[in-house]
2 protein chains.
Amino acid sequence: MREVAVIGVGLTSFGELWTKSLREIWVESALAALDDAGVDKVDHITIGCMSSGLFTGQEHLASLLAGELGMAGTPAGRVESACASGGLAFRAGLAEVASGLADMVLVTGVEKMTDVDGADATYALGTAADQEWEGFHGITFPGLYAMLAQMHMQRYGTTIEQLAAVAVKNHANGMLNPHAQYHLKVDVDTVLRSTLVADPLHLLDCSPVTDGAAALVLASVDTAKKLGKPIIKVTGSGMATDTISLAARSDLTSLEAVRLAGERAYAMAGKKPADIDLVEVHDCFTIAEIMATEALGFFKLGDGGPAVERGDTAIGGTIPVNPSGGLKAKGHPVGATGVAQIVEVTTQLRGEAGDRQVKGAKTGMAQNMGGSGGSSIVHILEVE
Amino acid sequence: MREVAVIGVGLTSFGELWTKSLREIWVESALAALDDAGVDKVDHITIGCMSSGLFTGQEHLASLLAGELGMAGTPAGRVESACASGGLAFRAGLAEVASGLADMVLVTGVEKMTDVDGADATYALGTAADQEWEGFHGITFPGLYAMLAQMHMQRYGTTIEQLAAVAVKNHANGMLNPHAQYHLKVDVDTVLRSTLVADPLHLLDCSPVTDGAAALVLASVDTAKKLGKPIIKVTGSGMATDTISLAARSDLTSLEAVRLAGERAYAMAGKKPADIDLVEVHDCFTIAEIMATEALGFFKLGDGGPAVERGDTAIGGTIPVNPSGGLKAKGHPVGATGVAQIVEVTTQLRGEAGDRQVKGAKTGMAQNMGGSGGSSIVHILEVE
C-alpha cells in the first residue's frame, strides 16, 4: 500500500449560512484546501454528504460540484454514511491514493441544513435511524441518545453534571476556534438550566443544525515530498458498522462500532491509546463524547464521565478531546463533520492551531460516527 | 496496485416489487453473490444507491444493510453518483482491494423506486439534474435527453427509426434474460406508435421505473486463486464528470464524460475499442445508447444510429451492445444498474449467459452514467 499524506486543508465558517448555497460553501472550502496545498488540479474528488436530496433537493453532487469548481472532467464521487459521511469521504480518498488509482485527491464534506424548516431537518436527520423500527414510530435522535445516556447513568453512575461538563469544555474550546458556530461560554449551571429536550439531555447537550463545508488534499507521500509540503501521514484507518436500531443491540452502554473501528485503526497504525496526543470525537450529544472516549480505550468503561470532570480531556489534559470545540460548539454540518475533524487534527499536528494548540502534538485521531453508532470511521494521522 | 477479480455475482428479478422492501431485495442479491463466490464473510461492503432518502425515507444504508445481512461490524459505505451509483460502488470496492485496505469486498447496488407515486419518483430522479438551473424550471430527464436527441438528429441525421431500433434490439435481448423487467417483443412501429413523452422520445424510448438489487464479490486475484474460483479480472477503470447542466456544455452532440471515462479505462487496461467483445452501456433512453457507443469509440460520431440498423450492436454483431436487454428492457433500478451491468459482463465472460451468450467473449466493458451525462464510470473486465 502506498503511503498517503494530507497536504492541504480548507474550511468555511460553520453556522447558519442563509445567504450561501451548498455549492458556494463547498467551492469556498475546496479552493481554500487547494490553495493551502499549492496545487490547482487533482485526479479525483470525494464528497461526503448525508442527505442533499432531503435538505436541498439536489443529488448528483459529484457532477454538480466538480463543474462548479471549474474541474468538469475530473473523476468525482459522493459517499454517505449518515453523520459519518465525511469520514467515509476521507477513507474513499485514502483508498484511491493508496491503490495508485489516483495520486492526488480532493476530499470534501458538505451539508446545507438550514434551507429547510426545523421539522424537515429533523425528518432528514431521522433517516439515519432505522425508519421501519425507529423513525416511523416517532423517535428522533435526541431520544435515541437519551436512551443511551440513561443506560450509561444506570450502569456506571454517570451524572448529568458530567454530561454538562462535556458541553462546558467544548464551548470553551470553541471560543478559541474562529470557524466555530458558537463563541459562547457556558457553565454547568447554564447547561442544566437549558430546555430539557429528551431526559437527561438538555438543549446544550445537543449539537446544533449547521451549514458548512470542509476540504483536504490527499497525496502520495512521494508526491507530497516533491511539492515540498509539510507531511502529515495517514497511518491508520478503521471502519465498522453496528446494527442500525438500538433494539437489535445486546448492550447499549458501549459503542461497539466505535470500539471496532478504533481497534482496526490502532492495529493498522501500530499504535495504542496512550500514543495519541489529541482526538476529535463525534460529540453529536454530550453522552456520545463520553462513550466514544471509552470505546477508543482512552478511559475504561464508566470512567469517561469522571474523566471530563477531572479535566483529563481539556486542552492540556492527559488526552485533549475536541480541541476544535467539537460538534457541540464548532457546529455539525453532518456531511462535513468527518472532514472538518481531520482538518483540525492536521492543523494541530502542523502546530498551527493558535490558542487551542495542543503542545507537542505528533499523533492525532479523528472518530466520526453515523446514526446512534450504527457506523463509525476512525483515522490516525502522524507528523512524519 | 494489486490485481482484482470478480468471483461472485447475484441479482434479483427486476420489476415492480411491491411486496418486498429495499432491505429485502438487497439481502437477496447479496446472499446470491456470496453463495456464488462460496464465501460467507467479506472485509468491506460498498452500496450504490441514488436516493434512498427521497424514494424510501431511509439513509445510512451502510449500517442498515450490513446488519440486515447478519454482518453488523463489517465496514460498509454507500456511494452515490445519481444513476452511476452502481458503477461508483464497483470503483470504491476496486480501490479497497487494489490498495490492500480490504481483501474481499461485497459490491452492491440497490434502488426501491415504486414505494412512492409517479410524481415523487420523477422529482427524486430530477435531483440528478442541476436543480437551480434545470429542475426548478420544470424540465425532467425525458426532456433533457430529448434535447440531446434533437441535436444529434440535426447534426448527424439520426432518425427516430434508428432510436426505435435500439429499443427493438434491447427488448429482443431482454426476452432472453430471466431477470429482466420486460419480456415484451416490440418492433419499430410499436415504438413509434407509443405515447410521445418528449419529442422525439416515445414511451418505448425510455427506460422504466424499477425495483431491483445487484451484487458482486471482488477479491484480490491471489485470494481468488486460492478459492479456486473462475478469474474474471478487472483490468480497466475510468471515471469522469461533465457539467451537470446541459446549458453549460459547449457541445450537446457527444457525451464528454463517457468519452473521457472510456479513454481512461482503455488506457489502464491497454485496450482499444476493437478489443472489446461485448459492452453494457447506459441506455436510460435510446439516444443515450447511440451516443455512448460513439463516445466509447465503437462507431464514429453520427454512425451510432446507422450501426444499430445494420445490426452491428446485436448479439452476433460486430460489437454486441446490451445483451442483457439494457436499462430499456432489463429495467433501471438506478442505484443497482451499474452493478447489474457488471453482473452481466461477468456472466458473459464466464460463458454462462445461456441464450443471450456472446460467443467466445473474453473481454467486456460496462459503461454507467449519471444525470444527462454529468458523470460516467467505465470498467473493463477480462477472462484470465
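Here the structure is shown first, and the text comes after it.
What you see is a predicted model; the values in this text were computed from it and never measured.

A. Local environment of the overall build of chain A. The helix and strand tally for chain A stands at 14 helices and 11 strands. In terms of overall size, chain A behaves like a compact globule, its C-alpha atoms giving a radius of gyration of 19 Å where 384 residues would be expected to give roughly 21 Å. Its C-alpha atoms put chain A at 55 × 45 × 40 Å along the principal axes. When each of the 384 residues of chain A is scored for burial, the buried share is 69%.

B. A look at the relation of the copies chain B and chain A. Of the two same-sequence chains, chain B is brought onto chain A (RMSD 0.0 Å, axial shift 0.0 Å) by a rotation of 180°. Such values leave the two copies arranged in the relation of a two-fold axis.

C. Highlighting the interface of chain B and chain A. Across the contact, 61 residues belong to chain B and 61 residues belong to chain A. Broken down residue by residue, the surface that chain B buries against chain A is led by His60, Leu101 and Thr241 of chain B, which jointly contribute 16%. Our count for the contact surface shared by chain B and chain A stands at eight salt bridges. Counting the contacts that link chain B with chain A gives 36 residue pairs in polar contact (both at pLDDT 80 or more). When contributions to the side of chain B that touches chain A are tallied by element, the ones reaching two or more residues are helix 2 (52-56), helix 3 (61-68), strand 3 (76-80), helix 4 (85-99), strand 8 (232-241) and helix 10 (256-269) of chain B. With seven residues, the top contributor of residues to the side of chain B that touches chain A is helix 4 of chain B. Each residue belonging to the side of chain B that touches chain A can be placed in one class, and the counts come to 28 nonpolar, 23 polar and 10 charged. One ladder, built from three bridges, connects strand 3 (residues 76-80) of chain A with strand 3 of chain B; its direction is antiparallel. Across the sheet, Arg78 of chain A pairs through a bridge with Glu80 of chain B, a residue of strand 3 of chain B.

D. Main features of empty space enclosed by the protein. Counted under the stated rule, the structure contains one cavity of 30 Å³ or more. In this structure, the largest cavity encloses a volume near 200 Å³. When residues of the lining of the largest cavity are traced back to their parent elements, those giving at least two are strand 2 (44-48), strand 3 and helix 4 (85-99) of chain A together with strand 2 (44-48), strand 3 and helix 4 of chain B. Across the lining of the largest cavity, the residue classes break down as nine nonpolar, six polar and five charged.

E. Representation of the environment of Ala240 of chain B. Among the secondary structure elements, Ala240 of chain B is positioned in strand 8. Discounting chain neighbours no more than four positions away, the residues touching Ala240 of chain B are Gly73, Thr74 and Pro75 of chain A together with Ala257, Leu260, Ala261, Arg264, Gly374, Ser375 and Ser376 of chain B.

F. A look at the side chain of Arg350 of chain B. Relative to the helices and strands, Arg350 of chain B is located in the loop between helix 14 (334-349) and strand 10 (363-370). For Arg350 of chain B, the residues in contact, after removing those within four places along its chain, are Ile7, Gly8, Val9, Asp36, Pro230 and Ile232 of chain B.

G. Expanded view of the pairing of strand 10 (residues 363-370) of chain A. Residues and elements named next belong to chain A. In terms of burial, strand 10 is a largely internal element, eight of the eight residues being buried. The alternating pattern of strand 10 places Thr363, Met365, Gln367 and Met369 on one face and Gly364, Ala366, Asn368 and Gly370 on the opposite face, and all of these are buried. Pairing geometry for strand 9 (residues 278-280) and strand 10, over three bridges, is parallel. Its bridge partner being in strand 10, Glu280 is matched across the sheet by Ala366. Looking at chain direction, strand 10 and strand 11 (residues 375-383) are connected through eight bridges and run antiparallel. The partner of Ala366 across the bridge, within strand 11, is His379. Count of turn residues in the strand 10/strand 11 antiparallel hairpin: four residues, of which Gly371 carries a positive phi of about 60°.

H. Representation of the packing of helix 6 (residues 141-156) of chain A against helix 11 (residues 286-295) of chain A within the structure. Residue and element names in this part refer to chain A. With their axes 10 Å apart at the nearest point, helix 6 and helix 11 run at an angle of 60° to one another. Judged by the inter-axis angle, helix 6 sits oblique to helix 11. Helix 11 is crossed by helix 6, and the crossing has left-handed handedness. Along its contact with helix 6, which presents Tyr145, Leu148, Ala149 and His152, the element helix 11 presents Ile287, Ala288, Ile290, Met291 and Glu294.

I. Examining the pattern of salt bridges more closely. A complete count under the given rule lists 51 salt bridges over all chains for this structure. Put simply, Arg91 of chain A and Glu96 of chain B hold a salt bridge, and the shortest N to O gap is 2.8 Å. Linking Arg91 of chain A in helix 4 with Glu96 of chain B in helix 4, this pair reaches from one chain into another. Overall, Arg91 of chain A belongs to the buried group, its relative accessible area being 5%. The exposure class assigned to Glu96 of chain B is buried, which follows from its relative accessible area of 4%.

J. Up close: the nonpolar core. Core analysis: the largest hydrophobic core is formed by 114 residues, its most contacted members being Tyr145 of chain A together with Tyr145 of chain B. With residues up to four places along the chain from it excluded, the contact list for Tyr145 of chain A reads Leu201, Cys284, Phe285, Ile287, Ala288, Met369, Gly371, Ser372 and Gly373 of chain A. Listed in part, the 72 residues of the second largest apolar core include Ala98, Leu218, Leu278 and Val358 of chain A.

K. A look at the packing of aromatic side chains. Residue and element names in this part refer to chain A. Taken as a whole, this structure holds four aromatic pairs over all chains when the rule is applied. Consider the rings of Phe141 and Tyr145, whose centres lie 6.5 Å apart with planes at 40°: the pair is tilted. Of this pair, Phe141 and Tyr145 both sit in helix 6, four residues apart, which is roughly one turn of that helix. Residue classification places Tyr145 among the buried residues on the basis of a relative accessible area of 1%. Through successive ring pairs, a cluster of aromatic residues spans Phe141, Tyr145 and Phe285.

Rules used throughout
- Residue indices begin from 1 for each chain and proceed along its sequence in written order.
- Chain labels run from A onward and ligand labels from 1 onward, assigned in the order the entries are written.
- Per-residue local features of the predicted model are confined to residues with pLDDT of at least 70, and side-chain atom pairs are confined, for both listing and counting, to 80 or more; whole-chain, interface and lining totals are unaffected and use all residues.
- To get the side-chain values, take all heavy atoms of the structure and skip hydrogens and water.
- Runs of E in the DSSP output that reach at least two residues are strands. Runs of H or I that reach at least four are helices, and both are numbered from the N terminus.
- The size measure is the radius of gyration over C-alpha atoms, and the globule rule it meets is 2.2 Å times the number of residues to the 0.38 power.
- To sort residues, take the accessible area from a 1.4 Å probe on protein chains only and compare it with the maximum for the residue type: under 20% means buried, over 50% means exposed, and anything in between is partly exposed.
- C-alpha atoms of residues with pLDDT of at least 70 in both copies form the basis for the least-squares superposition of the copies.
- Whether two residues are in contact is decided by their heavy atoms: any pair within 4.5 Å suffices.
- Buried area is calculated as the accessible area (1.4 Å probe) missing from two parts once they are joined, with the contributions of both summed.
- Take a side-chain nitrogen of Lys or Arg and a carboxyl oxygen of Asp or Glu: if they are within 4 Å of each other, that pair is a salt bridge.
- Two N or O atoms count as a polar contact when they lie within 3.5 Å, although within protein this holds only if one can serve as hydrogen donor and the other as acceptor, and sequence-adjacent residues are included solely when both atoms are side-chain atoms.
- Polar here means any residue outside two lists: the nonpolar Ala, Val, Leu, Ile, Met, Phe, Trp, Tyr, Cys and Pro, and the charged Asp, Glu, Lys and Arg; Gly therefore counts as polar.
- Strand pairing is assigned whenever DSSP identifies at least 2 bridges connecting the two strands.
- In the cavity and pocket records, a cavity denotes points on a 1 Å grid over the protein atoms alone where a 1.4 Å probe fits but cannot get out, a pocket denotes an open set with protein on both sides within 12 Å along at least 5 of 7 lines, and lining residues are residues with an atom within 4 Å of a point.
- Grid points are joined across faces, edges and corners, and a volume is the space filled by probe spheres set on the points.
- Here an axis means a line fitted to C-alpha atoms, over the contact stretch when the element is a helix, while the angle between two N-to-C directions is reported on a 0 to 180 degree scale.
- What sets the label is the angle itself: under 35 degrees gives roughly parallel, over 145 gives roughly antiparallel, 65 to 115 gives roughly perpendicular, and the rest give oblique.
- The handedness criterion is simple: a crossing whose near helix is rotated anticlockwise from the far helix by less than a right angle is left-handed, and one whose near helix is rotated clockwise is right-handed.
- Here, nonpolar core means buried Ala, Val, Leu, Ile, Met, Phe, Trp, Tyr and Cys residues that are tied together by side-chain atoms lying within 4.5 Å of each other.
- Think of it this way: a Phe, Tyr or Trp ring, Trp meaning its six-membered ring, pairs with another when their centres are within 6.5 Å, and the plane angle makes it stacked under 30 degrees, edge-to-face over 60, tilted otherwise.

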